[in-house]
Amino acid sequence: MRRILIFGIFIFIGLKGFSQLGFCSGSKGDPIFQEDFGSGSGFGDPLQAGITEYRYVSDTDPNDGQYTISSQVGQYNTSWHSYFPSTTYSGGRALIVNADFTPGRFYRKQIDGLCENTTYEFSAFIMNVYDRDSGICENGGIPNNVRFEIWDETDAVLLKSGDTGDILSSSNPQWTQYALTFSSEPGQNSVILKMFNNGEGGCGNDLAIDDIVFRSCGDLTTVESPDTTASPVNLCAEETPYSVELNAASDNSVYEQVFYQWQQSSDGENWQDIPGANSIQYQTTALTETRYFRVKAAEDPANLGSNVCSSASEAFQVQIFPKPEPPESLGDRSACENDPIPYLEVKVGTHETANWYDDNGNLLAAGVLRYQPENAGIFYAEAVVSSRNCQPSERTAIQLEITDLPEVSDEITYICSGTLKLLEAGVSGYQYLWNTGATTETINIATPGTYSVRVSSSPECYITRTIVVNTVPTPGIIDVVTDGWDVEIIPNTEADFLYSIDGINFQAESRFENVPGGIYTAYMKDTESCQVETLAFAHIVFPEYITPNNDGYHDVFEIRGIEFFPSSNISIFDRYGKLLKSGRGQGFQWNGTFINKPMPAADYWYFIEIEGYGTKKGHFSLVRD
């Protein structure tokens, strides 16, 4: 059952009849009576006979002079609020009353079990159920106005009474708690509660009541100590035994004379009287374990034995933290090299946390139950009291192992059609599992595709190598281009091929540098040597310039490699197309003269006809100092 404690303070000035309303200003005992009208949802059972003269209805909202008990309101009456706020003690069902046209009593109940010569607080929650925003009643409808009366068990002596005054309707549903205090007489164990409707029936004056409570009311009693300024007193085990003087302080707001009984508890819930501890002061025994202390107060010594006839102070706690037990390890941890490093964890006692250390006693982390190392090793955790600098526990060792993994890399390779291809895991000495199901270090495959192998150093630790196998591209030579002394083989497609100009030495680059002139064969093959493409070509090296100064360097125009073409013809022209010299290619030279006269520095042109290889033309420079 839900219990929400909502206390209000009400000051009523100059209004006749309800100046006696008010809450207990001191300490309160346990309820001796609480009417919560039942928990659960929907409609409840009617009140016992004699409690009300109003007529009970169910499965509908009550009309004038009727009541119901339900967890829902305004199901059928559109002028009422449609729900109860959950701000009473119990929630659940409530008593819903539609006031009669004539003011009068609508509730009477005898309350038993009171203690004699004791002050009590009566309280109840009331709610005006009319929704002001509905606009059905003028001026917000007739307000609620309830009178409470407490009579002795003979119904002859009025002990206390008070009126709520007008409880106006509102736009939002809201509970309001009202209370009054009264005192029982010697020998009196029962009272009669009466509730009256002060307003007339009509449009409005519809109310709900919940959590009618009677409880003892006593002086506000506190426990103080000249030895310390606050509770709890927190101590480490090494600071015990410990004793403290406790004093009861009462505000004398209710009792004319106060009687005391000191109590102690090991958990703050179950209390035992301390024999002989009945004075305003109490000196505790030498304490070595946590203890709670409180003092009960009553107007009559006979009432100290009952929690409903007396009041009790808040607990004064002496919290003694024992030396912690070593932390409980939640297990050694292991991880693979490529996985996140796991946390190390321990379990400690209440009010405790843990500090973490390395092998050398260096503090790594403080006040945490989980620690994530950076590397493998043995680590140590000690339990410490969270709020005190108490002695720590012995340390607990926890190990973290990190399993190394081999270094592998993915690969793209090729396979010749109709042949087998050997695939390798890339490392030796491990366990293997291929996506083909093979468990060997190497496998032979016959078709292109994507292959993977799991390389394991332990069942939990592995790394995967992926090998993409493609069908080899077909090599093809479009042309061979000579550029001075260099030669470049032009392939028919962009792919990985190997190139050679002697058929022996192959390279991945298609360009060859510093190649002497001559007749060559260009070779091009795929990386698996499935196919080889060849193309014969003539490599002729033409000079870019001549310097005919008889120093032995570049003195004449001559062509390297032309000697391999004896039937070739060469012609030299000036810029105007004038033929300066011609002749057969083999042994052809020009020294930069025409009719034995030096030609000026300028650009000159050559034209070569090579039998079986076509023609070539170009230009060169004649440079003079």
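Residues numbered from 1 in each chain as written. Predicted model: local features only at pLDDT ≥ 70, side-chain atom pairs only at ≥ 80, totals over all residues. Heavy atoms only, no water.

Considerations on the state of the cysteines
As a reminder of what qualifies: Criterion for a disulfide: a pair of cysteine sulfur atoms at a distance within 2.5 Å. Numbering goes from the N terminus for both helices and strands, where a helix is a DSSP run of H or I of at least four residues and a strand is a run of E of at least two.
Evaluation of the coordinates by the stated rule reveals six disulfides. What pairs with cysteine 336 in a disulfide is cysteine 461, and their sulfur atoms sit 2.1 Å apart. Taking the torsion about the sulfur-sulfur bond, which here is approximately -90 degrees, the covalent link between cysteine 336 and cysteine 461 counts as left-handed. Placement of cysteine 336 in strand 22 (residues 333-336) and of cysteine 461 in the loop between strand 33 (449-456) and strand 34 (462-471) is noted, with a sequence separation of 125 residues between them.

Some words on the sheet that holds strand 40 (residues 532-539)
Heads up, the rule is: Pairing between strands requires that DSSP locate at least two bridges from one strand to the other. Lines fitted to C-alpha atoms define the axes, with helix axes restricted to the stretch in contact, and inter-axis angles between N-to-C directions lie between 0 and 180 degrees.
Strands sit in the order 37-39-40 across an open sheet of three strands; the sheet is antiparallel. Whereas interior strands pair on both sides, the edge strands pair on one side only; in this sheet they are strand 37 (497-500) and strand 40. Ignoring which end each strand starts from, the neighbouring axes of this sheet average 20 degrees apart. Direction of pairing for strand 39 (residues 518-526) relative to strand 40: antiparallel, over a ladder of eight bridges. For glycine 518, the partnering residue across the bridge sits in strand 40 and is histidine 539.

Thoughts on the packing of aromatic side chains
Which entries qualify depends on this criterion: When the centres of two rings from Phe, Tyr and Trp lie within 6.5 Å, Trp using its six-membered ring, the rings pair. Their planes under 30 degrees apart give stacked, over 60 give edge-to-face, and anything left gives tilted. For every residue, the accessible area obtained with a 1.4 Å probe (protein chains only) is divided by the maximum for its type, and the residue is called buried under 20%, exposed over 50%, and partly exposed between those limits. Either the NZ atom of lysine or the CZ atom of arginine qualifies as a charge over a ring when it sits within 6 Å of the ring centre and within 35 degrees of the ring normal.
Applying the stated criterion to the full structure yields 21 aromatic pairs. Look at tyrosine 56 and tyrosine 67: their rings are 5.4 Å apart centre to centre, the planes differ by 55 degrees, and that puts the pair in the tilted class. Taken together, the residues tyrosine 56 in strand 2 (residues 55-56) and tyrosine 67 in strand 3 (residues 66-70) connect sequence positions 11 residues apart. The exposure class assigned to tyrosine 56 is partly exposed, which follows from its relative accessible area of 24%. Put simply, the rings of Phe33, Tyr120, Phe122, Phe148, Phe182 and Phe214 pair up and form one aromatic cluster. Over the ring of tyrosine 462 we find arginine 454, and its NZ or CZ is 3.8 Å from the ring centre. The ring centre of phenylalanine 588 lies 5.2 Å from the NZ or CZ of lysine 581, which sits over that ring.

Focus on the environment of phenylalanine 316
Definition in use: Working rule for contacts: check all heavy atoms of both residues, and any pair within 4.5 Å makes them a contact.
Mapped onto the secondary structure, phenylalanine 316 falls in strand 20 (residues 316-321). With relative accessibility at 4%, the residue phenylalanine 316 sits in the buried group. On a C-alpha basis, the gap between phenylalanine 316 and glutamate 224 in space is 8.3 Å, while along the polypeptide they are 92 residues apart. Ignoring sequence-local partners within four residues, the contact set of phenylalanine 316 consists of Val223, Ser225, Thr228, Ala230, Ser231, Val233, Leu246, Arg291, Tyr292 and Phe293.

Considering the confidence of the model for the protein chain
Applicable threshold: Each residue carries a pLDDT score, the predictor's confidence in it, ranging from 0 to 100.
Per-residue confidence for the protein chain gives a mean pLDDT of 90, with 97% of residues at or over 70. Across residues 1-19 the pLDDT falls below 50, and counting only partners more than four positions away or on other chains, this stretch makes 40 contacts in the model.

Thoughts on unusual backbone geometry
Here the amide bond leading from threonine 240 into proline 241 is cis, since omega sits at 5 degrees, within 30 degrees of zero. For proline 241, the position within the fold is in the loop between strand 13 (233-236) and strand 14 (245-250). The phi angle at phenylalanine 37 is positive, at roughly 60 degrees, despite the residue not being glycine. Tracing the backbone shows phenylalanine 37 in the loop between strand 1 (27-35) and strand 2. Here asparagine 139, not a glycine, exhibits a phi torsion of approximately 55 degrees, which is positive.

Observations concerning the sheet that holds strand 8 (residues 158-163)
With antiparallel pairing, the four strands of this open sheet are ordered in space as 5-10-7-8. Of all strands in the sheet, those bounded by a partner on one side alone are strand 5 (104-111) and strand 8. The sheet shows a mean angle of 15 degrees between the axes of neighbouring strands, taken without regard to direction. By the bridge criterion, seven bridges tie strand 7 (residues 146-152) to strand 10 (residues 191-197) in an arrangement that is antiparallel. If you follow arginine 147 over to strand 10, its bridge partner there is phenylalanine 196.

Some words on the side chain of glutamate 382
Threshold: In the analysis that follows, any N or O atom pair within 3.5 Å is treated as a polar contact, provided that within protein one partner can donate a hydrogen and the other can accept it, and provided that, for residues neighboring in sequence, both atoms belong to side chains.
Relative to the helices and strands, glutamate 382 is located in strand 27 (residues 377-385). Judged by its relative accessible area of 5%, glutamate 382 falls in the buried class. Looking at glutamate 382, its side chain comes within polar contact range of the side chain of arginine 395, at 3.1 Å. Beyond its immediate sequence surroundings of up to four residues, glutamate 382 is in contact with Pro327, Thr353, Ala354, Asn355, Tyr357, Pro392, Ser393, Glu394 and Arg395.

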